[in-house]
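Below are the chains, spelled out letter by letter.
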Amino acid sequence: MLGRRQLAIVAVAGALAAIVALVGGVWFAAALDDEPSYDGEFVLDEPGVYAPPAGGSNADVSGRALPDVALVATDGATATFADYRGAPLVVNVWFSYCPPCQRELADFATVHGEVGDRIQFVGVDPFDSVEVMEKFASERGVTYDLLRDPDQELPVALEIVTYPATFFVDADGRVLHQAGELDADELRHHIELHWPTAGADADHAGHG
């Protein structure tokens, strides 16, 4: 049977444990409020160190048509890739808490500023809220269309497991090539490779 001293020690220990649990719970709840969350599987890296997932990488979807998935524009309207048919299209799939996405997005904004009169750009964000997506992109100079994919239909359809993922798409909606993280020079190279005369020949009826 415990004496008074032992009971006092047990009582103090219990109180301390309760305080730790309470503080920990408050901290965890705050962390959840501050950080985006996602229940699926994706790959994050540390700045400067990009590593695809062990035993796998994004599937090669060259030659496929872009999937007919319903995306959400910043004003809440439904959008599909059919809206962008008729001109070359660069689709960049990213989200705000992905380090390589953070590194490359300003470069995409720069190159779009150079070729946006002949090549359409679209950013697709499967994980962020519209507010986070717009703020993050605006801070990096992005002015092209941004679409949300709240049900993550595009990553499933295109078998994306590492981010960012960029798809170079012809005027008919067919994927010509795909890439991971790109800097401005690499992005310019891919555009010149696939559409060296796009400025003269493309129908620019799309969003740009």
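Above this text is the structure in question.
Everything numeric in this text was worked out from a predicted model, so none of it was measured. (Residues numbered from 1 in each chain as written. Predicted model: local features only at pLDDT ≥ 70, side-chain atom pairs only at ≥ 80, totals over all residues. Heavy atoms only, no water.)

## Let's talk about the overall build of the protein
So the rule is basically this: Helix numbering and strand numbering both begin at the N terminus, where a helix is a DSSP run of H or I of at least 4 residues and a strand a DSSP run of E of at least 2. The rule is simple: take the accessible area with a 1.4 Å probe, protein chains only, and divide by the maximum for that residue type; under 20% is buried, over 50% is exposed, in between is partly exposed. Every residue pair with non-hydrogen atoms within 4.5 Å of one another is taken to be in contact. For the area figures, the Shrake-Rupley method with a 1.4 Å probe applies, and any residue is considered shielded solely by the protein chains shown.
Helix and strand counts for the protein stand at 6 helices and 7 strands. Sequence-ordered secondary structure for the protein, helices as α and strands as β, is α-β-β-β-α-β-α-β-α-β-β-α-α. The proportion of buried residues among the 208 residues of the protein is 38%. Within the protein, residue pairs in contact and separated by at least 24 positions form 73% of the contacts whose partners lie at least 6 positions apart. When the accessible area of the protein is evaluated, it comes to approximately 11200 Å², of which 56% is carbon and sulfur surface.

## Focus on the pattern of salt bridges
This is how it is decided: Any carboxyl oxygen of Asp or Glu within 4 Å of a side-chain nitrogen of Lys or Arg constitutes a salt bridge here.
Applying the stated criterion across every chain yields a total of 7 salt bridges. For the salt bridge of Glu114 with Arg188, the shortest nitrogen-to-oxygen distance reads 2.8 Å. With Glu114 in helix H2 (residues 99-115) and Arg188 in helix H5 (residues 184-194), the pair connects residues that are 74 residues apart, well separated along the chain. Note on Arg188: relative accessible area 29%, which makes it partly exposed. Asp185 is the partner of Arg188 in a salt bridge, and the nearest nitrogen-oxygen pair spans 2.7 Å. Placement of both Arg188 and Asp185 in helix H5 is noted, with a separation of 3 residues, approximately one turn of the helix. By relative accessible area, Asp185 is classed as exposed at 55%. A cluster of three or more residues bridged by salt bridges with shared partners is formed by Glu114, Asp185 and Arg188.

## Section: the state of the cysteines
The test is simple: The term disulfide is used for any two cysteine sulfur atoms that are within 2.5 Å.
All told, the structure shown has 1 disulfide when counted by the stated rule. Through a disulfide, Cys98 is tied to Cys101; the S-S separation comes to 2.4 Å. The sign of the S-S torsion, about 75°, decides the handedness of the disulfide formed by Cys98 and Cys101: right-handed. The same class applies to Cys98 as to Cys101, namely buried.

## Looking at H5
The criterion, for reference: Our arc is simply the arc of the directions from the helix axis toward the C-beta atoms. Contacts described as polar in this section are N or O atom pairs within 3.5 Å, which, within protein, must combine one atom able to donate a hydrogen with one able to accept it, while residues neighboring in sequence count only if both atoms come from side chains.
Listed in full, the buried residues belonging to H5 are Ala184, Leu187, His190 and Ile191. In a view along the axis of H5, the buried residues occupy a sector of 130°, so they form one face of it. Residues of H5 that are exposed and point more than 90 degrees away from the buried face comprise Asp185 and Leu193. Looking at the buried positions of H5, the neighbouring elements they touch are strand E3 (89-93), H2, strand E4 (120-125), strand E6 (165-169) and strand E7 (175-179). Put simply, Asp183 is the residue that caps the front of H5, since its side-chain oxygen is 3.2 Å from the backbone nitrogen of Asp185.

## Focus: the pairing of E6
The test is simple: Pairing between strands requires that DSSP locate at least two bridges from one strand to the other.
For E6, the tally of buried residues reaches 5 of 5 residues, placing the bulk of the element in the interior. What you see with E6 is no split at all: Ala165, Phe167 and Val169 on one side and Thr166 and Phe168 on the other are buried throughout. Of the strand pairs in this sheet, E3 and E6 are connected by 5 bridges, and their pairing is antiparallel. When the sheet's bridge partners are listed, Val91 is paired in E6 with Phe167. Pairing of E6 with E7 involves 4 bridges; the strand directions are antiparallel. Looking at E7, one finds that Thr166 is bridged to Ala179.

## Some remarks on the sheet that holds E4
If you trace the 7 strands from one edge of the open sheet to the other, you get E2-E1-E5-E4-E3-E6-E7, paired in mixed fashion. The strands lining the two open edges of the sheet, one partner per strand, are strand E2 (78-79) and E7.

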